[in-house]
Amino acid sequence: MNRFFIALIPPQNVQDDASRVIQDLTDRYGTATAKAPPHVTLQPPFMWQMAALSDLEQCLQNFAQRRSSISVTISGFGAFPPRVLYLNVLKTPELLSLQFDLMNQLEVQLGIADPTTKQRGFSPHLTVASRNINKSIFQQAWVELQPQSIEYQFSSDRITLLLHDGQRWQVRSEFVCSK
């Protein structure tokens, strides 16, 4: 069994800027994030057999073919106290629908489900610090980040399947929305 997750990967300029924020927080506070490209999680990590990878990829391909690209807006910073700092992704109807429909299709067709997300609901975000962070560090970093203005808007035309290789998350495949 291997660990996978499904995400929206922003354009390179947004990834670069998010990586700079992550590196700055790491340098100044010793924080870190999961070893993955900056992303917005649509389906949290789950276990899947490599022998059945083609079933998973076909399901995602079929899903993407029935979807249109969506507009994604990042506006300012946010937090899940006391351990997570992130770039705030606006909860648009299109993004909420994409995530809900994806999770539903994965559960119905493949039995992939995340009870935590079902219980809490979807809070789209792009994490910039979530590891090695205690309450004191969280407060210091949050005081600095909270008033900062950061804005991005981009069109997302694909969903990405990531695979954990034992060290970090790697892009396994991308599925272009082609409706």
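Source: prediction; values computed, not measured.

Enquirer: I would appreciate a short explanation of the pattern of salt bridges in the present structure.
Expert: It is possible for side chains of opposite charge to pair when their charged atoms get near one another. This structure, assessed with the given rule, holds seven salt bridges. One salt bridge in this structure joins R28 and E144, with 2.5 Å as the shortest N-O distance. Separated by 116 residues along the polypeptide, R28 in helix α1 (residues 12-29) and E144 in helix α5 (residues 135-145) bring together distant segments of the chain. R67 serves as the salt-bridge partner of D101, at 2.6 Å between the closest nitrogen and oxygen. Highlighted residues: D101 in helix α3 (residues 93-110) and R67 in the loop between α2 (53-65) and β3 (70-80), separated in sequence by 34 residues. Of the residues examined, D101 reaches a relative accessible area of 28% and is grouped as partly exposed.

Enquirer: I'm lost on the nonpolar core in this one. Help?
Expert: Counting residues in hydrophobic clusters, the biggest one holds 50 residues, and the most contacted among them are L8, L56, L60, L85, I159 and L161. Aside from chain neighbours lying at most four places away, what touches L85 is G78, A79, T127, V128, A129, I133, F138, A141, W142 and L145. Counting residues in each nonpolar core, the second largest holds six residues, with I9, A36, L162 and W169 among its members.

Enquirer: Would you take a moment to explain α5 for this structure?
Expert: For an α-helix, 3.6 residues make a turn, and residues three or four places apart therefore share a direction. Of all the positions in α5, only I137, F138, A141, W142 and L145 are classed as buried. Looking down the long axis of α5, one finds its buried residues gathered within 125 degrees of arc, a one-sided arrangement. What points out from α5, more than 90 degrees from its buried face, is the exposed set K135 and V143. Contact partners of the buried residues in α5: α1, β3, β4 (84-89) and β5 (125-129). The N-capping residue of α5, defined by a side-chain oxygen 3.1 Å from the backbone nitrogen of S136, is N134.

Enquirer: What's the story with α1 in this structure? I'm lost.
Expert: The end-to-end C-alpha distance of α1 is 25 Å, a good match for the 26 Å that 18 residues give at a rise of 1.5 Å each. Listed as buried for α1 are V14, Q15, A18, V21, I22, L25 and Y29. Taken around the axis of α1, the buried residues stretch over an arc of 125 degrees, which confines them to a single face. Exposed side chains of α1 directed beyond 90 degrees from the buried face belong to R20 and D27. Lining the buried residues of α1 we find β3, β4, β5, α5 and β6 (151-156). In the segment just after α1, G30 is the residue with positive phi, at about 75 degrees.

Analysis parameters
Residues numbered from 1 in each chain as written. Predicted model: local features only at pLDDT ≥ 70, side-chain atom pairs only at ≥ 80, totals over all residues. Heavy atoms only, no water. Salt bridge = Lys/Arg side-chain N within 4 Å of Asp/Glu carboxyl O. Helix = DSSP H or I, 4+ residues; strand = E, 2+ residues; numbered from the N terminus. Buried < 20%, exposed > 50% of the residue type's maximum accessible area, 1.4 Å probe, protein only. Core = buried A, V, L, I, M, F, W, Y, C linked by side-chain atoms within 4.5 Å. Contact = heavy atoms within 4.5 Å. Arc of directions from axis to C-beta. Polar contact = N/O pair within 3.5 Å; in protein donor to acceptor, adjacent residues only side chain to side chain. Expected span 1.5 Å × (residues − 1).

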